[in-house]
Amino acid sequence: MSVFAKATATRSARAAWTGIAIAGVSALLLTACSTGSPAPAESEEPATDAGDALPIAEGERDLALKLGTILPQSGALAFLGPPEEAGVQLGADDVNAADSGLAVEVVFRDSGDTTTDTATVSVTDLLSQDVSAIIGAASSGVSKTVIDQIVAAGVIQFSPANTSADFTDYNDNGLYWRTAPSDVLQGEVLGNLIAEDGNATLGLIVLNDSYGTGLAQFTKDAFEAAGGEVVAEALFNEGDSSFDAQIAEVTAANPDAIALITFDQAKIITPALVGSGYPGDQLYFVDGNLSDYSADFAPGLVAGSKGTLPGLDTGTLGDFTDRLLGVDPDLTDYSYAAESYDAVVLLALAAYAANSTDGAEIAKYLQQVSGGTGDGEKVTTYEEGVALLAEGQQIDYDGPSGPITFDENGDPTEATIGIFQYLDDNTYERIGDG
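Keep in mind it's a predicted model, so treat the numbers as computed, not measured. (Residues numbered from 1 in each chain as written. Predicted model: local features only at pLDDT ≥ 70, side-chain atom pairs only at ≥ 80, totals over all residues. Heavy atoms only, no water.)

Caption draft 1: How the structure looks around the overall build of the protein chain. When helices and strands are tallied, the protein chain shows eleven helices and 16 strands. Out of the 434 residues belonging to the protein chain, those deemed buried represent 58%. Surface summary for the protein chain: the accessible area is close to 14,900 Å², and the carbon and sulfur share equals 45%. (Helix = DSSP H or I, 4+ residues; strand = E, 2+ residues; numbered from the N terminus. Buried < 20%, exposed > 50% of the residue type's maximum accessible area, 1.4 Å probe, protein only. Areas by Shrake-Rupley, 256 points an atom, 1.4 Å probe, with all protein chains shown as cover.)

Here is the structure:
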């Protein structure tokens with residue numbers, strides 16, 4: 001079985017999503033990982049307009065680019081921290097190895113989750129160290145607690161994993177960027193997948209934040225458009241430790257399938273759900289909880305269940321995963337590692353193009369080094385890209401996370417959603433490529 005979705009959004013009408021692709025069809029859409037907070041304002045200052053490439057000065061550079069991270073070392077998304085931090089470090093290592101006249105230094109800090117003020121403390125510390133950009137957070141809800149503080153300082157916020165659709169039109173002064181696509185696409189893929197698997201009714205257990213409720217809505221819309229019916233939707237809040245009420249509410253409706261739109265709360269919800277008599281192979285997971293549960297669940301507990309996760313098949317990335325293991329030999333999960341790597345490389349290429357480490361100046365060049373202004377020679381490494389930039393040429397960087405190609409709002413206009421299935425040992429494998 002090969003099931004995947006590939007999405008491409010037009011730069012001129014990125015919010016008007018139409019179509020979806022499963023089993024190898026490209027769609028005009030967008031996607032990835034989040035959490036809730038205040039409503040965004042409409043953006044008044046979008047990033048560089050498409051087709052408006054800025055000139056690039058020829059010659060050598062002497063730049064020291066300081067980056068910070070707020071990635072989850074603790075909290076409900078802590079399982080995403082190691083691959084993301086490994087991706088950042090590998091990106092910095094590759095930039096520095098190129099000896100291009102631009103050197104990268106990374107200061108790693110914790111984001112925590114929305115139950116703490118860890119991210120605010122980390123951001124305050126990083127801003128005091130005069131970083132040009134902050135990579136993170138993984139959680140959209142966490143990002144919403146710090147985005148205003150970051151952009152007010154004239155610093156770029158660049159997330160490898162935020163997926164909340166709210167960031168599309170956020171008033172960020174052109175300083176918020178992400179290599180992860182919006183939840184719009186993942187919801188479309190998940191809802192269609194559940195329907196195509198022959199399920200007529202669906203229950204949802206959902207984290208009550210912008211990630212959970214947004215992804216749940218897009219999933220519900222797609223499932224119902226495919227002829228299905230959502231018969232129960234139970235919400236819970238970050239920090240809750242008991243989910244008996246939500247499980248009882250959803251199972252009482254006797255749905256054919258249940259989608260868990262959560263973070264690591266799935267470690268508690270899943271065994272309790274199966275223990276109540278619900279079949280473990282009728283569950284559906286998402287990027288916020290698609291994880292290796294071999295050490296957490298009884299053998300076979302979720303065998304046959306499925307999940308979705310943005311990103312290319314790591315098996316197609318050559319030695320990229322091997323190189324990540326060189327950074328962190330203990331990695332068992334690679335979620336958003338490629339997106340984190342590309343965040344560093346794109347920031348470095350844009351800084352080189354701008355011949356500046358000022359956040360606002362770097363931001364002016366991010367769209368065009370990604371190919372989002374419609375011209376530039378294709379490159380797949382920092383070293384290739386910087387060689388052309390030194391000659392004053394335009395580039396179009398494609399990295400291990402995919403083509404990227406930013407639109408004027410700082411969102412990638414192309415994305416792939418993988419479909420995964422759990423095995424008897426509660427690990428998962430990809431059953432389709434993008």
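Caption draft 2: Region of interest: the environment of R109. Looking at the secondary structure, you find R109 in strand 4 (residues 102-110). A C-alpha to C-alpha distance of 8.4 Å links R109 and A119, two positions ten residues apart in sequence. Contacts of R109, omitting those with residues within four sequence positions, involve T69, I70, L71, Q73, E85, S122, D125, L126 and Q129. Polar side-chain contacts of R109 include one of 2.6 Å to the side chain of D125. (Contact = heavy atoms within 4.5 Å. Polar contact = N/O pair within 3.5 Å; in protein donor to acceptor, adjacent residues only side chain to side chain.)

Caption draft 3: Geometry of the packing of helix 8 (residues 320-327) against helix 9 (residues 337-354). Interaxial distance between helix 8 and helix 9 falls to 11 Å at its minimum, and their mutual angle equals 80 degrees. Between helix 8 and helix 9, the crossing angle belongs to the class labelled roughly perpendicular. On helix 9, the residues touching F320, R323 and L324 of helix 8 are A337, A338 and Y341. Looking at the contact of helix 8 with helix 9 residue by residue, the class counts come to five nonpolar, no polar and one charged. (Axes fitted to C-alpha atoms, helices over the stretch in contact; angles between N-to-C directions. Parallel < 35°, antiparallel > 145°, perpendicular 65-115°, else oblique. Nonpolar A, V, L, I, M, F, W, Y, C, P; charged D, E, K, R; others polar.)

Caption draft 4: Region of the structure containing the sheet that holds strand 4. Sheet architecture is open: five strands sit in the order 4-3-5-6-7, paired in parallel fashion. The outermost strands of the open sheet, each flanked by one partner alone, are strand 4 and strand 7 (176-178). Here the strands of the sheet are splayed against their neighbours by 25 degrees on average, with no regard to which way each runs. Where strand 3 (residues 63-71) and strand 5 (residues 133-136) come together, four bridges link them in parallel fashion. Among the inter-strand pairings, I70 is bridged to a residue of strand 5, identified as G136. The strands touched by helix 2 (residues 118-128) are strand 3, strand 4 and strand 5; relative to strand 4, the strand with the most contacts, the crossing angle is about 150 degrees. (Pairing = 2+ DSSP bridges.)

Caption draft 5: Spatial organisation of helix 6 (residues 244-252). Listed as buried for helix 6 are Q246, I247 and V250. An end-on view of helix 6 places all buried positions within 95 degrees of arc, on one side of the element. Every exposed residue of helix 6 that faces more than 90 degrees away from the buried side is listed here: D244, A245 and A252. On its buried side, helix 6 packs onto strand 8 (201-207), strand 9 (229-236), strand 10 (257-261) and helix 7 (266-275). Just beyond helix 6, the residue with positive phi is N254, at close to 50 degrees. (Arc of directions from axis to C-beta.)

Caption draft 6: Quick look at the pairing of strand 9. Pairing geometry for strand 8 and strand 9, over seven bridges, is parallel. Looking at the pairing, V206 lines up with L235 of strand 9. The handedness of the strand 8 to strand 9 crossover, carried by helix 5 (residues 210-225), is right-handed. (Right-handed = clockwise from strand over helix to strand, strands pointing away.)

Caption draft 7: Just the nonpolar core, in detail. Formed by 58 residues in total, the largest nonpolar core has its most connected members in L102, V104, I156, F158, L347 and Y382. The leading source of residues in this core is helix 9, at 15 residues. In contact with F158, not counting residues within four places along its chain, are I134, I135, G136, W177, R178, T179, A343, L346, L347, L366 and F406. By size, the runner-up hydrophobic cluster in this structure holds 56 residues, among which are A216, F297, Y336 and F420. (Core = buried A, V, L, I, M, F, W, Y, C linked by side-chain atoms within 4.5 Å.)

Caption draft 8: Representation of the side chain of D172 in the model. Positionally, D172 belongs in the loop between strand 6 (156-159) and strand 7. In this structure the side chain of D172 is engaged in a polar contact, spanning 2.8 Å, whose partner is the backbone nitrogen of G174.

Caption draft 9: Just the packing of aromatic side chains, in detail. As enumerated under the stated definition, the model contains 13 aromatic pairs in all. Relative to F263, the ring of Y211 lies with its centre 5.1 Å away and its plane at 20 degrees, an arrangement referred to as stacked. Placement of Y211 in helix 5 and of F263 in the loop between strand 10 and helix 7 is noted, with a sequence separation of 52 residues between them. By the burial criterion, Y211 is buried, and F263 matches it. Seen from the ring of Y352, R61 lies directly overhead, with NZ or CZ sitting 4.5 Å from the centre. Over the face of the ring belonging to F167 we find K144, whose NZ or CZ atom lies 5.9 Å from the ring centre. (Phe/Tyr/Trp six-rings, centres within 6.5 Å; stacked < 30°, edge-to-face > 60°. Lys NZ or Arg CZ within 6 Å of the ring centre and 35° of its normal.)

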